[in-house]
Number of protein chains: 2
Amino acid sequence: MDILLLPPLFGLAGLVVAFIIYRIIVSYPAGEGQVAEIAALIHKGAMVFMRREYSILGLFLLVVTVLLAIGFGGWRTPVAFVVGALCSATAGLIGMHTATKANVRTTVAAKNEGAATALNVAFYGGSVMGLAVAAMGLLGLGALYLWFGGDPHHAEAIHGFGMGASTVALFSRVGGGIFTKSADVGADLVGKIEAGIPEDDPRNPGVIADNVGDNVGDVAGMGSDIFESYCGSIIATIAIAATMTMLQWQQLAPEREALMFAPLALASVGLICSILGIIIVRLMSANAPAMALRSGTIGATLILIGAAYFLLRWQGISAAVWWCVMFGAVGGIFIGLVTEYYTGGKPVRLIAKGGETGPATVMIAGLATGMESVVVPVLVIAGIIFATAAVLPEGCGVYGVGMAAVGMLSTVGITMAIDAYGPVADNAGGIAEMAGLGEDTRKITDGLDEVGNTTAAIGKGFAIGAAGLAALAIIAAFIATVERHVPGFALRLDDPRVLTGMFIGGLFPFLVSAITMRAVGDAAFDMIKEIRRQFKEIPGLMEGTAKPDSDRCVDIATQAALRKMILPGVLAVASPVVVGFVLGPQVLGGMLGGALISCVLLALTMANAGGAWDNAKKYVEKGNFGGKGSDVHKAVVVGDTVGDPFKDTSGPAMNILINVMAIVSLVIAPLLA
Amino acid sequence: MDILLLPPLFGLAGLVVAFIIYRIIVSYPAGEGQVAEIAALIHKGAMVFMRREYSILGLFLLVVTVLLAIGFGGWRTPVAFVVGALCSATAGLIGMHTATKANVRTTVAAKNEGAATALNVAFYGGSVMGLAVAAMGLLGLGALYLWFGGDPHHAEAIHGFGMGASTVALFSRVGGGIFTKSADVGADLVGKIEAGIPEDDPRNPGVIADNVGDNVGDVAGMGSDIFESYCGSIIATIAIAATMTMLQWQQLAPEREALMFAPLALASVGLICSILGIIIVRLMSANAPAMALRSGTIGATLILIGAAYFLLRWQGISAAVWWCVMFGAVGGIFIGLVTEYYTGGKPVRLIAKGGETGPATVMIAGLATGMESVVVPVLVIAGIIFATAAVLPEGCGVYGVGMAAVGMLSTVGITMAIDAYGPVADNAGGIAEMAGLGEDTRKITDGLDEVGNTTAAIGKGFAIGAAGLAALAIIAAFIATVERHVPGFALRLDDPRVLTGMFIGGLFPFLVSAITMRAVGDAAFDMIKEIRRQFKEIPGLMEGTAKPDSDRCVDIATQAALRKMILPGVLAVASPVVVGFVLGPQVLGGMLGGALISCVLLALTMANAGGAWDNAKKYVEKGNFGGKGSDVHKAVVVGDTVGDPFKDTSGPAMNILINVMAIVSLVIAPLLA
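Residues numbered from 1 in each chain as written. Chains lettered and ligands numbered in written order. Predicted model: local features only at pLDDT ≥ 70, side-chain atom pairs only at ≥ 80, totals over all residues. Heavy atoms only, no water.

1. Some thoughts on the overall build of chain A
Inference 1: The secondary structure content of chain A amounts to 21 helices and zero strands.
Inference 2: What you see for chain A is a C-alpha radius of gyration of 24 Å, in line with the 26 Å of a compact globule of 673 residues.
Inference 3: Principal-axis analysis of the C-alpha atoms gives chain A an extent of 75 × 50 × 45 Å.
Inference 4: Sorting the 673 residues of chain A into buried and exposed places 68% on the buried side.
Inference 5: Put simply, 85% of the contacts in chain A that link residues at least 6 apart link residues at least 24 apart.
Inference 6: Of the roughly 19900 Å² of accessible surface on chain A, a fraction of 64% belongs to carbon and sulfur atoms. (Helix = DSSP H or I, 4+ residues; strand = E, 2+ residues; numbered from the N terminus. Rg over C-alpha atoms; globule rule 2.2 N^0.38 Å. Buried < 20%, exposed > 50% of the residue type's maximum accessible area, 1.4 Å probe, protein only. Contact = heavy atoms within 4.5 Å. Areas by Shrake-Rupley, 256 points an atom, 1.4 Å probe, with all protein chains shown as cover.)

2. A short note on the relation of the copies chain B and chain A
Inference 1: Screw-axis analysis of chain B against chain A gives a translation of 0.0 Å along the axis, an RMSD of 0.0 Å, and a rotation angle of 180 degrees. As the rotation angle and translation indicate, the two copies are arranged about a two-fold axis. Judged by C-alpha distance, R492(B) is the residue of chain B that lies nearest the rotation axis, at 2.3 Å.
Inference 2: When the interface residues of chain B are mapped onto chain A, 100% of them again fall at the interface, so both copies present the same face. (Least-squares fit on C-alpha atoms with pLDDT ≥ 70 in both.)

3. Here's the deal with the interface of chain B and chain A
Inference 1: Counting residues at the interface gives 73 residues for chain B, matched by 73 residues for chain A.
Inference 2: Buried surface at the junction of chain B and chain A, summed over both partners, amounts to about 6500 Å²; 84% is from carbon and sulfur atoms.
Inference 3: At the boundary of chain B with chain A, the tally comes to four salt bridges.
Inference 4: With a closest N to O distance of 2.9 Å, E372(B) and R518(A) form a salt bridge.
Inference 5: The biggest single contributor to the side of chain B that touches chain A is helix α17 (residues 496–537) of chain B, with 18 residues.
Inference 6: Grouping the amino acids of the side of chain B that touches chain A by side-chain chemistry returns 52 nonpolar, 13 polar and eight charged. (Buried area = accessible area lost by both parts, 1.4 Å probe. Salt bridge = Lys/Arg side-chain N within 4 Å of Asp/Glu carboxyl O. Nonpolar A, V, L, I, M, F, W, Y, C, P; charged D, E, K, R; others polar.)

4. A look at the packing of aromatic side chains
Inference 1: Counted under the stated rule, the structure contains 30 aromatic pairs over all chains.
Inference 2: On the numbers, 6.1 Å between centres and 80 degrees between planes, the contact of W75(A) with F148(A) is edge-to-face. Placement of the pair is W75(A) in the loop between α2 (34–72) and α3 (76–112) and F148(A) in helix α4 (residues 115–149), with a sequence separation of 73 residues.
Inference 3: Residue F148(A) is classed as buried on the basis of its relative accessible area of 3%.
Inference 4: Measuring from centroid to centroid gives 4.8 Å for F49(B) and F179(B), while their planes differ by 55 degrees, and the two rings are tilted. In this pair, F49(B) is assigned in helix α2 (residues 34–72) and F179(B) in helix α5 (residues 159–193), connecting sequence segments 130 residues apart. Note on accessibility: F49(B) and F179(B) belong to one class, buried.
Inference 5: Through pairs of rings, three or more aromatic residues link up here, namely Y309(A), F310(A), W322(A), W323(A) and F327(A).
Inference 6: Geometry around F148(A) places R76(A) over its ring, the cationic atom sitting 5.9 Å from the centre. (Phe/Tyr/Trp six-rings, centres within 6.5 Å; stacked < 30°, edge-to-face > 60°. Lys NZ or Arg CZ within 6 Å of the ring centre and 35° of its normal.)

5. A closer look at the UniProt feature "site: Determinant of potassium dependence" (unreviewed entry) in chain A
Inference 1: With numbering matched to this structure, UniProt assigns "site: Determinant of potassium dependence" (unreviewed entry) to A456(A).
Inference 2: Take A456(A): its relative accessible area is 19%, and that puts it in the buried class. (UniProt positions renumbered as here; feature names shortened; annotations may be inferred.)

6. Quick look at empty space enclosed by the protein
Inference 1: Going through the model one piece at a time under the given rule, you end up with eight cavities of 30 Å³ or more.
Inference 2: Considered as a void within the structure, the largest cavity measures approximately 170 Å³ in volume.
Inference 3: If you go around the largest cavity, you meet 14 residues; those closest to its centre are L602(A), F646(A), L367(B), L602(B) and T605(B).
Inference 4: Contributing elements (two or more residues each) for the lining of the largest cavity: α12 (359–372) and α20 (585–621) of chain A together with α12 (359–372) and α19 (585–621) of chain B.
Inference 5: Looking at the lining of the largest cavity residue by residue, the class counts come to twelve nonpolar, two polar and no charged. (1 Å grid on protein atoms, 1.4 Å probe; cavity = no way out; pocket = protein on both sides within 12 Å on 5 of 7 lines; lining within 4 Å. Points joined across faces, edges and corners; volume = space filled by probe spheres on them.)

7. Quick notes on a nonpolar patch on the surface
Inference 1: Taken together, the side chains of L59(A), L62(A), V63(A), V66(A), L67(A) and I70(A) present a nonpolar region at the surface, about 620 Å² in accessible area.
Inference 2: Among the secondary structure elements, I70(A) is positioned in helix α2. (Patch = residues over 30% accessible without salt bridge, like charges linked within 9 Å, V, L, I, M, F, W, Y side chains within 5 Å.)

8. Let's talk about the environment of G593(A)
All names here are of chain A.
Inference 1: Following the sequence through the fold, G593 ends up in helix α20.
Inference 2: G593 gets classed as buried once you look at its relative accessible area, which sits at 6%.
Inference 3: The spacing of G593 and V82 is 511 residues in sequence and 27 Å in space, taken between C-alpha atoms.

9. Describing the packing of α2(B) against helix α3 (residues 76–112) of chain B
Inference 1: For the pair α2(B) and α3(B), interaxial distance at closest approach is 10 Å and the crossing angle is 175 degrees. Compared by their axis directions, α2(B) and α3(B) come out roughly antiparallel. (Axes fitted to C-alpha atoms, helices over the stretch in contact; angles between N-to-C directions. Parallel < 35°, antiparallel > 145°, perpendicular 65-115°, else oblique.)

10. Quick word on α12(A)
Inference 1: The end-to-end C-alpha distance of α12(A) is 20 Å, a good match for the 20 Å that 14 residues give at a rise of 1.5 Å each.
Inference 2: Counting buried positions along α12(A) gives 13 out of 14 residues, so the element sits mostly inside the fold. (Expected span 1.5 Å × (residues − 1).)

11. Considering the environment of L312(A)
Residue and element names in this part refer to chain A.
Inference 1: By the secondary structure assignment, L312 is in helix α9 (residues 289–314).
Inference 2: The sequence separation of L312 and L266 amounts to 46 residues, and the corresponding C-alpha distance is 8.4 Å.
Inference 3: Apart from the residues within four sequence positions on either side, L312 is in contact with A262, I317, V321, W322, V325 and M403.

12. Looking at unusual backbone geometry
Inference 1: Although it is not a glycine, F625(A) adopts a positive phi angle of roughly 50 degrees.
Inference 2: You can call F625(A) partly exposed: its relative accessible area is 29%.

13. Quick notes on the pattern of salt bridges
Inference 1: Counting across every chain of the model gives 58 salt bridges over all chains.
Inference 2: The partner of R492(B) in a salt bridge is E483(A), and the shortest N-O contact between them spans 3.0 Å. Taken together, the residues span two chains, with R492(B) in the loop between α16 (439–485) and α17 and E483(A) in helix α16 (residues 439–485).
Inference 3: The class for R492(B) is partly exposed, based on a relative accessible area of 30%.

14. Things to note about the side chain of T100(A)
Residues and elements named next belong to chain A.
Inference 1: You can see T100 is positioned in helix α3.
Inference 2: The exposure class of T100 is buried, given its relative accessible area of 3%.
Inference 3: Here H43 takes part through its side chain, which lies 2.6 Å from a polar atom of the side chain of T100.
Inference 4: When near neighbours in sequence (up to four residues on either side) are disregarded, T100 contacts H43, A46 and N215. (Polar contact = N/O pair within 3.5 Å; in protein donor to acceptor, adjacent residues only side chain to side chain.)

15. Digging into the environment of R533(A)
Inference 1: Inspection of the secondary structure assignment puts R533(A) in helix α17 (residues 496–537).
Inference 2: Within the structure, R533(A) has its side chain in polar contact with the side chain of E537(A) (distance 2.7 Å).

16. Structural notes on the side chain of S318(A)
Inference 1: Here S318(A) lies in the loop between α9 and α10 (319–344).
Inference 2: Polar side-chain contacts of S318(A) include one of 2.9 Å to the backbone nitrogen of A320(A).

17. With respect to the confidence of the model for chain A
Residues and elements named next belong to chain A.
Inference 1: Mean pLDDT over chain A stands at 90; residues scoring 70 or higher make up 98%.
Inference 2: In the model of chain A, α16 stands out as the element of lowest mean pLDDT, 86, in contrast to helix α1 (residues 6–27), which has the highest, 96.
Inference 3: Across the interfaces of the predicted complex, the ipTM metric reaches 0.93, alongside a pTM of 0.93. (pLDDT = per-residue confidence, 0-100.)

18. Overview of the packing of α1(A) against helix α8 (residues 256–283) of chain A
For any two helices packed against each other, one specifies the crossing angle of their axes together with the interaxial distance.
Residues and elements named next belong to chain A.
Inference 1: Relative orientation of the contacting elements α1 and α8 amounts to 20 degrees, with a least axis distance of 10 Å. With respect to each other, α1 and α8 are oriented roughly parallel. The hand of the α1/α8 crossing is left-handed. In this structure, α1 uses P7, F10, G11, G14 and V17 to contact α8, whose residues at the interface are F261, L264, S268, L271, I272 and I275. (Left-handed = near helix turned anticlockwise from the far one by under 90°.)

19. Section: helix α8 (residues 256–283) of chain B
Residue and element names in this part refer to chain B.
Inference 1: Along its 28 residues, α8 runs 41 Å from first to last C-alpha, staying within 8% of the 40 Å computed at 1.5 Å per residue.
Inference 2: Taken as a whole, α8 carries its principal kink of about 40 degrees at A262; the proline P263 stands between one and four residues after it.
Inference 3: With 21 of 28 residues buried, α8 is to be regarded as a mostly interior element. (Bend = angle between axes of the 7 residues up to and from the residue.)

20. What about the state of the cysteines?
Inference 1: According to the stated counting rule, one finds zero disulfides over all chains in the structure shown.
Inference 2: You can see C87(A) has no disulfide; the closest cysteine sulfur is in C231(A), sitting 7.5 Å from it.
Inference 3: Here C396(B) is not cross-linked by a disulfide; its sulfur's nearest cysteine counterpart is in C324(B), at 9.7 Å. (Disulfide = S-S within 2.5 Å.)

Below, the structure written as structure tokens:
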């Protein structure tokens, strides 16, 4: 059998496993009465949003496909682009559909069967998303590679797959992020403004939108984010291997093809490791949830590191490459652990303490925490780059960066599963609250949710680190590709064109953050006005005898998300094209460098400040510093509200921004000659 | 007469003019009774702080001097280092001493003579600082250049001057910034926490410390900041000219010496232009203050642009270099105007409107404003880099960046004068309030203060742009210097060592921001406890019959500033040395690139967000959205409090951080071979 057949076959197998898990989930009871009704509203809201989002996205993709067909004068790049976009969209749909089935079943399991079963159902929900991401990536990329990726004349066309994936990711993540946080911030603030309406109250018309947001933002958005990093790192590593000189690749493997195929092979093994990781979590589910989830991730990573050694040696690839894989895999876990400290350790208690002197000191402490939290993860990334260059022969360093990124991302099935578990558990709690299922059920779902918050923070740290390395690999591939087409091309830091580009690139993340922050602020404002209107105009709503019109709130969030995702999307896709063709590849190269640094730093700052503020609020709500309702609580709620768009809208958009800019540059690189 | 004698002679002449202005200031009446008493407290507090700050600084400088002497095995670099440090410290002392004389005389003039005279006195106060900066720079650098700067064997030693200036600037700016904001935040928050104690009330023990802070932070700190950019840009341009190949410099001038001397000559002409600008402001002082100040800046810049043309042509230098000077000079004004928009225009009203839904939306709007505000200034910087490279012959681009920076900074006398005018006017208002001088006086000083806030924001934008360009020129000089010592040295963006460095460099600004934000937060916390204690333990304080112990508060701010400035200072000075010698010049070069981008972006974000929050508060206090005491006002006060360390502590530290890192690298460049 041709070894090239393995990745798509593994992808298909992954989908089968995901489908089996899906069947298990739907075999659990879905509840009835109010529980089922609320779940149906959330499911419907999420699906309606996705359909409308994908319609706009479809139009955008169509335009880009036509432009690609004209630009390249061939069918391969546009086809790869469409396949990449479809694979990403499919993974997102599968994951979100499953999540909106799993949430209510988790609630019911928590009520009827207890914590262990509820954990299983929620985790199964996340697992389908995780496996769908890994499987669709392997299936799509593997099939394209089998088709024309190995042919040196057409290898570059495969970059289109990454561009398709990144474009979908950008719109999903930005749109989903704006949706979820405008609903969340709006619903939260109403409680503060309209006296007597508690947060997360079923009478609050914004609560359904908030729960829909968890699914479209934290499940589908996050999934597409990880999907594009995953595919991006594989594509970049293939491209780097394809552009190495014979002198270079001969130091690493007997055949160039082995180096090109290695990232796909590693990702295939990673899928198996992820499935093993899922089994580990299942076996450990009688223990504390945090413990079970962590065992799954670390177990899968350890198995991968071991298996990678034999895989690479079997392919005749130098052991130095294995070291790179290991640096990446271990680095990813390390970044996650640092994130856990900053969003759950001492800094969180210091932020809560800042509440004693009001919201201003909560803000100062949180911003300082976010900025400080970049240090170790960035040093880890820098360390990985330096170490891979150190273990590989001269001139092969960037291949090592690519393999490190693939190493970090190949267990995406389990890391994404744990990540997507969070919003499922969160939703389960929301349903329990809205349906009034009582203290005991709520306690179980709260416990699951709390673990989910930590895993979500870890997942975000991991996603940023992985996206940074993936982008770096793509940028390296871009430089190598341009070099192949433009002899003598070099990006030197003392070249004014490169410096110009670095400054331009550096400002994009700030601009996109500003646009998305403002979008959330504006949409939340509209949401508040609508909620206020409903309380005024719907008789009996406050007393609980009438139902809120939650569809209107879902609609406001949808409108805001769809309208405000366009500008950042167009900016990200168009800027490399304009800069590349108008100012030249040197400016473009500098721009990618500047954007990379700026994106990684801002993403870490915003994700961790947001996570820390969120947990500082939870810490006070547990009864510290006066507990719920105290002045300190009011102060930390302000921090949490600012942290919402930080951690779930603007921050996550950074990962994708840099990857979109890098992959678009890589795609157009052959045309820049 | 030797033309090389001109810069130090112009420097001496500038000092004479500054002294004449100082004599004019002290000829105004200094007030009596309570007014004189308060002024004496402020003067004493400022001088005590400076003495203690300079003692610690002196120790640090001594250690560095010894290390430089050992490292270089010669006396020139350490001597230049000491001279640079002394010149900076002297300029700071002159400026601050004068400012603490001018503040009370402005108050008295506002009371007895009216707005025009008060404006004159306050502006004279700022002018002495501005002229001191320009004159000490020309005197010190000019003398060293005359002594050994022109000698190609010893030219590199002059870099030590920049390092001395930058080291003093770092400690002054960070120390002063922590001092001023811990006092300001502490004094402000007490009003919110202890019911019944209004802001800026004379009974508040923290108010004197707050006024001292304006002088040590915004006068002395800002002066040393601008001083190091000013000298850094001149030194870098000299170094670039010194390292150009014959093929390169022959395209620009008949003699290399002409190119090396050009930045000093331009700065000398700039000093004259600044004095003319000061005269313009004086002549226009009957008009609106904002108008008078703006005419001075723009007038001085236009005269400089005209004069530069004849100066450069007289020296036989290509007209292309003049274009670079013009790009820099015009770019500086443009950045200032953009800053004015973001800290005074529509964004400010949007932030205030955000207060309708509480402090969280004020925070979100302000952060978005800060992040958006980077776009135009960074595009201007990128445009200057690109344009200078476009007008100059191939390979000469970085000389153009240097001359653009010098062009932007050579009218430092007037820009710094307008900048330092702000805190003098602010202090004048504080004294009027504390001494209870009545509504009319207060109205005049409020008017002056308001203009001062805008000019301070513009000055900050200008300082960041100038510092960015200066740092860029220094980095270019570093690369050129290493190239001269290490044949084949190049900083390529696809070199893993350069990438490692870029990530490491990028994190420093975030780390230093975090440290300084936390320092302010912690010190403000101590300040609040002390103020609370005094209200509790001093009988009659609340009733106004007893005096607060303001010395204790000055002492707390001093302690915090001195303790917390050490770590950022050591980090900035030591990191290039450690990275350069341990990881090599490629990593160091990448580090400077990453730090530059990251510093400029963070500095602009923090300065403009802070300025916008400050003015949003002022906008509400004028009666908009409910005015003072409303819920909206409470919300914008939170924004202003967070903005304080943003704009006056962490943000300004960024300018210096990158310049210190760059100049230290330039100094050690010859040793990295």
